[in-house]
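This is what each chain is made of:
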Amino acid sequence: MPELPEVETVRRTLAELVIGKTIEQVDVGWAKMIKRPDDVDQFKWLLKGQTIRSMGRRGKFLLFHLDDYTLVSHLRMEGRYGLYQQNESVAKHTHVRFVFGDGTELRYQDVRKFGTMHLFQSGREQMEPPLAKLGVEPFSDQFSAKLLTEHLSKASRKIKSALLDQGIIVGLGNIYVDEALFRARIHPERLAKDVTVAEVKILHQAILNTLTEAVNLGGSSIKSYVNGQGEMGMFQQRLDVYGRKGEACRQCGTPITKTVVGGRGTHFCSVCQK
Ligand SMILES: [Zn+2]
């Protein structure tokens, strides 16, 4: 599943491709993907004539800011966007097409059909699900070591599970939690409340550094993820633990361990992480 760096990369590339374009027509091939409004015809009708003014992101959600509405899109496992000429053949698993007035169209492809779209009157999107109860953005001023300490000191869960909780920090998923914990030398199975204040400080910095580097490299290409222009991210070559089971730890040479924490595959170095 794309995490913050991948969604941010998609946001940036889409911003270059679609801002200023006016939607003439919307085709929806898989109605269940449209979660709001209930009526797909209304979804299509509301979007007609709307111009894309800017592209935003909240956690792992993409936000298309239109004249009067905000379209909230989650890629889930394998969703992807691409800009095409209207006369180009339509690839399999294309479920939504935003047809623009200039001969191009934005296509949403999703092999597993897990992606979602919600349409809100501009400004309402932050007050209602799925965005309403999301936690703090890691790149915002609110995300401090102090805030992280407050949240973690109350959590009797394992640190890995607490960091995956989108109600605390948004945008972190399996890849970047494993990477940040490795950098902070914290074992993923430790209880969150047992991690010391000094360690949380290091962890806070590790989260920021990991996400910043990943965003700068265009995210990681895991399985089918590609950004809005069909390019692959480069960060996967920098991964220290994720997807490296049995390979040598870059710090100490010990084979990387893979286990399951809170139902999620988890990679760590049993020597470096305590
Ligand atoms: Zn190690």
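The structure we're discussing is the one just above.
Engineer: Please clarify how the overall build of the chain should be interpreted in this entry.
Structural biologist: For the chain, the helix and strand inventory stands at 6 helices and 11 strands. Whereas a compact globule of 274 residues would reach a radius of gyration of roughly 19 Å, the chain reaches 20 Å, a difference of no more than 12%. Each principal axis of the C-alpha atoms in the chain carries an extent, and together these give about 55 × 35 × 30 Å. Every one of the 274 residues in the chain was classed for burial, and the buried ones make up 53%. Long-range pairs, those at least 24 residues apart, make up 63% of the contacts in the chain with a sequence separation of at least 6. Split by element, the accessible area of the chain, about 12,400 Å² in all, is 49% carbon and sulfur.

Engineer: Looking at this model, I keep getting lost on empty space enclosed by the protein. Mind explaining?
Structural biologist: Enumeration according to the criterion identifies 2 cavities of 30 Å³ or more in this entry. One number sums up the size of the largest cavity: a volume of about 50 Å³. Lining the largest cavity, in full, are Ile23, Leu47, Ile52, Phe64, Leu66, Leu71, Phe98, Phe100 and Leu106. Of all the elements in the fold, those that place two or more residues in the lining of the largest cavity are strand S4 (61–66) and strand S7 (94–100). Of the residues assigned to the lining of the largest cavity, the class counts are 9 nonpolar, no polar and no charged.

Engineer: Looking at this structure, I do not really get the packing of aromatic side chains. What am I missing?
Structural biologist: Here a ring pair, both rings aromatic, is described through the centre-centre distance and the interplanar angle of the planes. Within the structure shown, the criterion is met by 4 aromatic pairs. Centroid distance Phe64 to Phe98: 6.4 Å. Interplanar angle 25°. Geometry classified as stacked. With Phe64 in strand S4 and Phe98 in strand S7, the pair connects residues that are 34 residues apart, well separated along the chain. Like Phe98, Phe64 is buried. Ring plane angle 55° and centroid distance 5.0 Å describe the contact between Tyr81 and Tyr108, whose orientation is recorded as tilted.

Engineer: Help me out: how do you make sense of the sheet that holds strand S5 (residues 69–74) in this one?
Structural biologist: For sheets, the rule is that strands pair by backbone hydrogen bonds, running either parallel or antiparallel. Here 5 strands make up an open sheet; going across it, the order is S2-S9-S5-S4-S3 and the pairing mixed. In this open sheet, the two strands that pair with only one neighbour each are strand S2 (34–36) and strand S3 (52–58). Here the average twist between neighbouring strands, direction ignored, is 25°. In terms of strand pairing, S4 meets S5 through 5 bridges, oriented antiparallel.

Engineer: Any chance you could explain a nonpolar patch on the surface here in plain terms?
Structural biologist: Judged by side-chain polarity, Met1, Met77 and Phe114 come together as a nonpolar surface patch covering roughly 260 Å² of accessible area. One can find Phe114 in the loop between strand S8 (104–109) and strand S9 (116–121).

Engineer: Where do I start with the environment of Leu191 in this structure?
Structural biologist: Note that Leu191 resides in the loop between helix H5 (174–183) and helix H6 (197–216). Along the primary structure Leu191 and Ala155 are separated by 36 residues, whereas in three dimensions their C-alpha atoms are 7.6 Å apart. In this view, Leu191 contacts Ser156, Arg157, Lys158 and Ile159; residues no more than four positions away in its chain are not counted.

Engineer: How should I be thinking about the coordination of the zinc ion in this particular structure?
Structural biologist: For the zinc ion, the full set of protein donor atoms is Cys249 (SG), Cys252 (SG), Cys269 (SG) and Cys272 (SG), at a range of 2.2 to 2.4 Å. One can describe the donor arrangement at the zinc ion as tetrahedral, given that its 4 donor atoms subtend angles of 101 to 114° at the metal. All donors of the zinc ion come from a single chain, and their spacing in sequence reads C-x2-C-x16-C-x2-C. Placement of the pair is Cys249 in the loop between H6 and strand S10 (257–261) and Cys269 in the segment after strand S11 (264–268), with a sequence separation of 20 residues. A residue is classified by how much of its surface remains accessible, and Cys249, at 5% relative accessible area, is buried.

Engineer: Would you explain the pairing of S8 in this entry?
Structural biologist: When you tally the buried positions in S8, you get 6 out of 6 residues, the bulk of the element. Neither face of S8 is exposed, since Thr104, Leu106 and Tyr108 on one face and Glu105, Arg107 and Gln109 on the opposite face are all buried. Taken together, the 6 bridges between strand S6 (residues 80–85) and S8 define a ladder with antiparallel strand orientation. Among the inter-strand pairings, Tyr84 is bridged to a residue of S8, identified as Glu105. Across 5 bridges, the pairing between S7 and S8 is antiparallel. Residue pairing for S8: Val96 is matched across the bridge by Tyr108.

So, how was this worked out
All residue numbers here refer to positions counted from 1 along the written sequence of the relevant chain. Totals for whole chains, interfaces and linings use every residue, but because this is a predicted model, local features are given only for residues with pLDDT of at least 70 and side-chain atom pairs only at 80 or more, for both listing and counting. Heavy atoms throughout the structure, all of them, feed into the side-chain values; hydrogens and water do not. Helix and strand assignments follow DSSP, with helices taken as H or I runs no shorter than four residues and strands as E runs no shorter than two, numbered in order from the N terminus. Between the two quantities, the radius of gyration covers C-alpha atoms and the globule rule is 2.2 Å times the number of residues to the power 0.38. Accessible area is worked out with a 1.4 Å probe on protein chains only. A residue is then buried under 20% of its type maximum, exposed over 50%, and partly exposed in between. The contact rule is simple, with two residues in contact once any of their heavy atoms fall within 4.5 Å. Each accessible area value is a Shrake-Rupley result obtained with a 1.4 Å probe; residue values ignore everything except the protein chains displayed when judging cover. Space inside and on the surface of the protein is sampled on a 1 Å grid over the protein atoms alone, with a cavity defined as a set of points where a 1.4 Å probe fits but cannot get out and a pocket as an open set with protein on both sides within 12 Å along at least 5 of 7 lines; lining residues have an atom within 4 Å of a point. Grid points are joined across faces, edges and corners, and a volume is the space filled by probe spheres set on the points. Put simply, Ala, Val, Leu, Ile, Met, Phe, Trp, Tyr, Cys and Pro go in the nonpolar bin, Asp, Glu, Lys and Arg in the charged bin, and everything else, Gly too, in the polar bin. Only centres within 6.5 Å qualify two rings of Phe, Tyr or Trp (six-membered ring in Trp) as a pair; their planes then separate them into stacked at under 30 degrees, edge-to-face at over 60, and tilted for everything else. For two strands to pair, DSSP has to find at least two bridges joining them. In this analysis an axis means a line fitted to C-alpha atoms, helices contributing only their contacting stretch, and an angle means the value between N-to-C directions, from 0 to 180 degrees. Here, patches come from residues exposed beyond 30% relative accessible area and free of salt bridges, joined within 9 Å for like charges and within 5 Å for nonpolar side chains (Val, Leu, Ile, Met, Phe, Trp, Tyr). Here, a salt bridge means any side-chain nitrogen of Lys or Arg that lies within 4 Å of a carboxyl oxygen of Asp or Glu. Distances define the donors: N, O and S atoms within 2.8 Å of the metal qualify, as do those within 3.2 Å of Na, K or Ca. Water is excluded, so some sites may look unfinished. For four-coordinate sites, all angles between 85 and 135 degrees define a tetrahedron; for four- and six-coordinate sites, opposite donors beyond 155 degrees with the remaining angles between 65 and 115 define square planar and octahedral shapes respectively, and all other cases count as irregular.

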